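# Structure at a glance
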Amino acid sequence: MKVLIIPDIHGRTFWKEPCKHIDEFDKTIFLGDYVDHYPQEGDLDDLQALKDVIEFAKDKDNVQLLLGNHDYHYIDDNYRKLAQSSRFSHQYLNEYHSLYRDNIKLFKIVDKVGDVIFSHAGINKEWAKNCGITNPIEINDKDENWLSDNLSFISSYRGGWNNAGSCVWSDLMEMIPENLPSNIKFQVFGHTQLIQPLVTPKWACLDCREAFYIDNDLNIHPWDHSDKTVSVIEYNKLYSRGA
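An account of the accompanying structure is given in this report.

Criteria and thresholds
- Residues numbered from 1 in each chain as written.
- Predicted model: local features only at pLDDT ≥ 70, side-chain atom pairs only at ≥ 80, totals over all residues.
- Heavy atoms only, no water.
- Helix = DSSP H or I, 4+ residues; strand = E, 2+ residues; numbered from the N terminus.
- Pairing = 2+ DSSP bridges.
- Buried < 20%, exposed > 50% of the residue type's maximum accessible area, 1.4 Å probe, protein only.
- Right-handed = clockwise from strand over helix to strand, strands pointing away.
- Core = buried A, V, L, I, M, F, W, Y, C linked by side-chain atoms within 4.5 Å.
- Contact = heavy atoms within 4.5 Å.

### Some details on unusual backbone geometry
Phi is positive for H191, close to 80 degrees, though the residue is something other than glycine. As for its placement among the helices and strands, H191 is situated in the loop between β7 (186–189) and β8 (198–199). For L218, which is not a glycine, the phi torsion comes out positive at approximately 65 degrees. Locating L218 in the fold gives a position in the loop between β10 (212–215) and β11 (220–222).

### Some remarks on the sheet that holds β10
Strand order across the open sheet formed by six strands is β4-β3-β2-β1-β10-β11, with mixed pairing between neighbours. The sheet is open, and its two edges are formed by β4 (107–108) and β11, each paired on a single side. Two elements, strand β1 (residues 2–6) and strand β2 (residues 27–30), share four bridges in a ladder whose sense is parallel. Counterpart to L4 in the pairing with β2 is T28.

### What to know about the pairing of β2
Covered by surrounding structure in β2 are K27 and I29 together with T28 and F30, the residues of both alternating faces. Here β2 runs beside strand β3 (residues 63–66); their pairing, made up of three bridges, is parallel. Looking at β3, one finds that T28 is bridged to V63. With respect to chirality, the unit in which β2 leads through helix α1 (residues 46–57) into the neighbouring parallel β3 is right-handed.

### Things to note about the nonpolar core
If you look at the biggest cluster of nonpolar residues, it comprises 54 residues, and the most contacted ones within it are F30, Y34, Y100, W127 and I139. Among the elements of the structure, β1, α1, β3, α2 (69–75), α3 (77–83), α4 (93–102), α5 (125–131) and α6 (144–150) are those that each provide at least two residues to this core. Considering each element in turn, this core owes the most residues, six residues, to α1. Residues in contact with F30, not counting those within four places in the same chain, are I6, I9, W15, C19, V53, F56, V63, Q64, L65 and L66. Counting residues in hydrophobic clusters, the runner-up holds 19 residues, among them L66, V116, C208 and L218.

This is the structure we're talking about:
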C-alpha cells in the first residue's frame, strides 16, 4: 500500500505537482475542504480550484475525494443552518452547491485502505457512540437527514455545544488516546491547520499545505521523499499539562 494524501486545499494549488505522479501510488485521497480560502493568503480562486479538483478526479478509480466542513455547508441547507463554517461565501453559494451536487458521486465522507481510516477531521469515540457508528465506512451509506444532523456536531473545542465533534469537525483535543475508537488501527485526517505534520501512534494530522503518502508500515512520508519519514510523537508529549 502506498497512498498519496492531499490535505485541505482551500483554493491552493500545491496539490497539482504531486498529482502528476499518481501512477507511483496505489491510491490518491483528498481530505476535503477545497474552498473558503484564508484571507491572509491573498486572492485565491476557490471556484477554479474546486473545478480543477473535480475534473482531475473524474474517471479515475484510484482517486477519492472526501468532504470537509467547508464543503458540506454548500451541499446541505439543513446542515448549514446548524454548522456553517467560517469564511462561508454567499457570493459563490449557488455555483459551489451545483458543483458539489452534480458531482456528488465523486465524494465520500470517509475512506478506508487496509487498516487506515481517512476522514476530514478524524473519528473520535464519543461522537461515534452518539451516532451509533461501529463501522466508519457505514457513514457513507447514511441518508441526507442523518448526515445533516450528525455531521453538524461541534464540540466546545470548536465553539459548539455538543459533547463531541463529528468526523468533519473533531478537534485534536478530542483525539486523545482514551477517546479513540478501539476498532480503528490508524487514522489520517486534516482540518487543524499546522506548520508541520503531526503524527502519533494512532493518527496523523496533515493539514500543512503539502502532500504526503502513507506506506504499508503506517509511516508518513513527504510525497517526493521516500527516504524521509515524519517522526512520531508520543501522546504524553502531545497532551502534557506542564508549563
